[in-house]
Structure formats: C-alpha cells, structure tokens
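What follows is the residue order along each chain.
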Amino acid sequence: MKEAVRMKFWQRYWYYIGGVAFVILAFAMGLWGSAALDYVQVLLIFSWMGMLVHQFEEYAWPGGFPLISNMIVFNEIERPDRYILNQRQCFVSNVVLCYLCYIVPIFFPQLIWLAAAQIFQGLWQIPAHGIVLNMRLKSKYNPGLFAAVFLQLPVAIVFIWYVLTFMPEAANQLWWGIPGSLVLLGISFGL
C-alpha cells in the first residue's frame, strides 16, 4: 500500500521533484562538480539540468504543455486534459525514459556519439517549441521554449565547439549524434 502511495506521489509530482533535483545539481556542480569531472561530463550534466528546467516549465510553471500538445499536436478535442498525453504517459516518457537517455551518457563521456545524441535530443526542442508549436498556436511562446533557447541551445553550442576544438579526432562522431538523438526521442516519447 505504501509503495503504491509513493509511486502515485512520484507520478503526480515528478516535475517538482525534477525542479528540486535541478537545484541540488546546481549547488553540487557549482561547489564540486565542474572541477572533479571531465568537461564533457560537465556539459552533459548541464544538458540534463536544462532538460529538468524544460520539463518544469512545461508541466509546472507556467505549465499546460500536455493540454496544448493534446489539442494542437494530437487534435484531441473531447478530453484534451486526459489523452493522449495523460499523467502516466508523461511520467513514463519524461522520467523513466528521458532520464535514462540523459543520465547514461554522463557515465560514458568518451563515447562522443552518445554524448552528442543526448545534447541533440535537447536541441530538437528548439524547432519543436520555437517553430512548430508557435506556428500552430499562433503565438511567440509556449511552455518549454524558454529553457530550450536559453539553456539547451547554449549547452549544445559549447559542446559542439568543445568537441571540434579540443577533440578533433572525435568530431566525426558528432554526426552520429543526430540519428542517435532521434532514436532517443523515439524511445522517450514514441513508445
């Protein structure tokens, strides 16, 4: 019974827990992480932190992304607050699958193609939120756009610059990050 209550809590408030994780990671990275880790690992953690803020922006403040997505992307008119993006599906996609796709590359920074796949996964949020959703909403903003532009994009730029400048032998692996990111997005949100 307690396990079910804990799971229900986690499923209902995962984006707030992600917000707390962001704050903890910010302090940890500021106080110890950036000096103790490989620079690629630092960028991958910052990329994950950007995704945590992105998710908080979509689901908590200002929130409303599932409703917007259901109505605009999936054309769900009858029950847009329930389907296709419902509470369970959002939890599984954004926590179970997305966290795995973001955390696993942190432990394998030498696999630049995997790191690039993680970085590009966040970069795809720019056209999704900045172009597609804004065109369909006929607006200049939608939940998730701020974090995509001001957190995920700068991390991606620094990552690409760093690999090209300091790891030229691995630069060709950046290209493998593009299909890799699409696979990760497919795993996270297509399932």
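All values derive from a computational prediction rather than experimental measurement. (Residues numbered from 1 in each chain as written. Predicted model: local features only at pLDDT ≥ 70, side-chain atom pairs only at ≥ 80, totals over all residues. Heavy atoms only, no water.)

Turning next to a nonpolar patch on the surface. Taken together, the side chains of Val-92, Val-96, Leu-100, Val-104, Phe-107 and Phe-108 make up a nonpolar region of the molecular surface, amounting to roughly 520 Å² of accessible area. With respect to the helices and strands, Leu-100 occurs in helix α4 (residues 87-103). (Patch = residues over 30% accessible without salt bridge, like charges linked within 9 Å, V, L, I, M, F, W, Y side chains within 5 Å. Areas by Shrake-Rupley, 256 points an atom, 1.4 Å probe, with all protein chains shown as cover. Salt bridge = Lys/Arg side-chain N within 4 Å of Asp/Glu carboxyl O. Helix = DSSP H or I, 4+ residues; strand = E, 2+ residues; numbered from the N terminus.)

We now examine the side chain of Gln-11. For Gln-11, the position within the fold is in helix α1 (residues 2-36). Once you skip the residues sitting within four places of it in the chain, Gln-11 turns out to touch Gln-87, Arg-88 and Phe-91. (Contact = heavy atoms within 4.5 Å.)

Judged by nonpolar contacts, the single largest core of 37 residues is most densely connected at Trp-14, Val-40, Trp-48, Ile-112, Phe-159 and Met-167. When contributions to this core are tallied by element, the ones reaching two or more residues are α1, α2 (39-59), α4, α5 (112-123) and α7 (145-166). Considering each element in turn, this core owes the most residues, ten residues, to α2. If we skip the residues at most four places from it in the chain, Trp-48 touches Leu-25, Tyr-99, Tyr-102, Ile-103, Ile-106 and Gln-118. (Core = buried A, V, L, I, M, F, W, Y, C linked by side-chain atoms within 4.5 Å. Buried < 20%, exposed > 50% of the residue type's maximum accessible area, 1.4 Å probe, protein only.)

Okay, α7 next. Between the first and last C-alpha of α7 there are 30 Å, a value that for 22 residues agrees with the 32 Å anticipated at 1.5 Å per step. Of all the bends in α7, the greatest, near 30°, is centred on Gln-152, and the proline Pro-154 appears no more than four residues after it. Of all the residues in α7, the buried ones are Leu-145, Ala-147, Ala-148, Gln-152, Val-155, Ala-156, Phe-159, Tyr-162 and Val-163. (Expected span 1.5 Å × (residues − 1). Bend = angle between axes of the 7 residues up to and from the residue.)

Buried residues of helix α6 (residues 125-137): Gln-125, His-129, Leu-133 and Asn-134, and no others. The buried residues of α6 all sit within an arc of 105° when viewed along its axis, so they share a single face. The positive-phi residue at the C-terminal boundary of α6 is Lys-138, with phi of around 55°. (Arc of directions from axis to C-beta.)

Turning to the state of the cysteines, a few remarks are in order. Disulfides are covalent bonds that link the sulfur atoms of two cysteine residues. The tally for this structure, following the rule as stated, stands at zero disulfides. Between Cys-90, a free cysteine, and Cys-98, which holds the nearest cysteine sulfur, the sulfur-to-sulfur gap is 12 Å. We classify Cys-90 as buried; its relative accessible area is 4%. (Disulfide = S-S within 2.5 Å.)

Okay, the packing of aromatic side chains next. Counted according to the given criterion, the structure contains 13 aromatic pairs. Aromatic side chains Tyr-16 and Phe-56 sit 5.8 Å apart centroid to centroid with 80° between the ring planes, which places their arrangement in the edge-to-face category. Of this pair, Tyr-16 sits in helix α1 while Phe-56 sits in helix α2, and the two are 40 residues apart along the sequence. Look at Tyr-16 and you get partly exposed, because its relative accessible area is 41%. An aromatic cluster of at least three residues, connected via ring pairs, comprises Phe-9, Tyr-13, Trp-14, Tyr-15, Tyr-16, Phe-56 and Tyr-59. (Phe/Tyr/Trp six-rings, centres within 6.5 Å; stacked < 30°, edge-to-face > 60°.)

Looking now at the side chain of Asn-134. In this fold, Asn-134 is placed in helix α6. A relative accessible area of 8% places Asn-134 in the buried class. There is a polar contact of 3.5 Å between the side chain of Asn-134 and the backbone oxygen of His-129. (Polar contact = N/O pair within 3.5 Å; in protein donor to acceptor, adjacent residues only side chain to side chain.)

Turning our eyes to something else, we now look at the packing of α2 against α5. Running from N to C, α2 and α5 point in directions that differ by 25°, and their axes come no closer than 10 Å. Taken as axis vectors, α2 and α5 run roughly parallel relative to one another. Judged by the twist between their axes, the crossing of α2 over α5 is left-handed. Between α2 and α5, the contacting residues are Val-40, Leu-43, Leu-44, Ser-47 and Trp-48 on the first element and Ile-112, Ala-115, Gln-118 and Ile-119 on the second. For the contact of α2 with α5, the class distribution of residues is seven nonpolar, two polar and no charged. (Axes fitted to C-alpha atoms, helices over the stretch in contact; angles between N-to-C directions. Parallel < 35°, antiparallel > 145°, perpendicular 65-115°, else oblique. Left-handed = near helix turned anticlockwise from the far one by under 90°. Nonpolar A, V, L, I, M, F, W, Y, C, P; charged D, E, K, R; others polar.)

Right, let's talk about the packing of α2 against α7 for a bit. At a closest axis distance of 8 Å, the pairing of α2 and α7 adopts a crossing angle of 165°. The angle between the axes of α2 and α7 places the two elements in the roughly antiparallel class. Pair α2 / α7 crosses with left-handed handedness. In this structure, α2 contributes Tyr-39, Val-40, Leu-43, Phe-46, Ser-47, Gly-50, Met-51, Val-53, His-54 and Glu-57 to the contact, and α7 contributes Leu-145, Phe-146, Ala-147, Ala-148, Leu-151, Gln-152, Val-155, Val-158, Phe-159 and Tyr-162. A class-by-class count of the residues in the contact of α2 with α7 yields 15 nonpolar, four polar and one charged.

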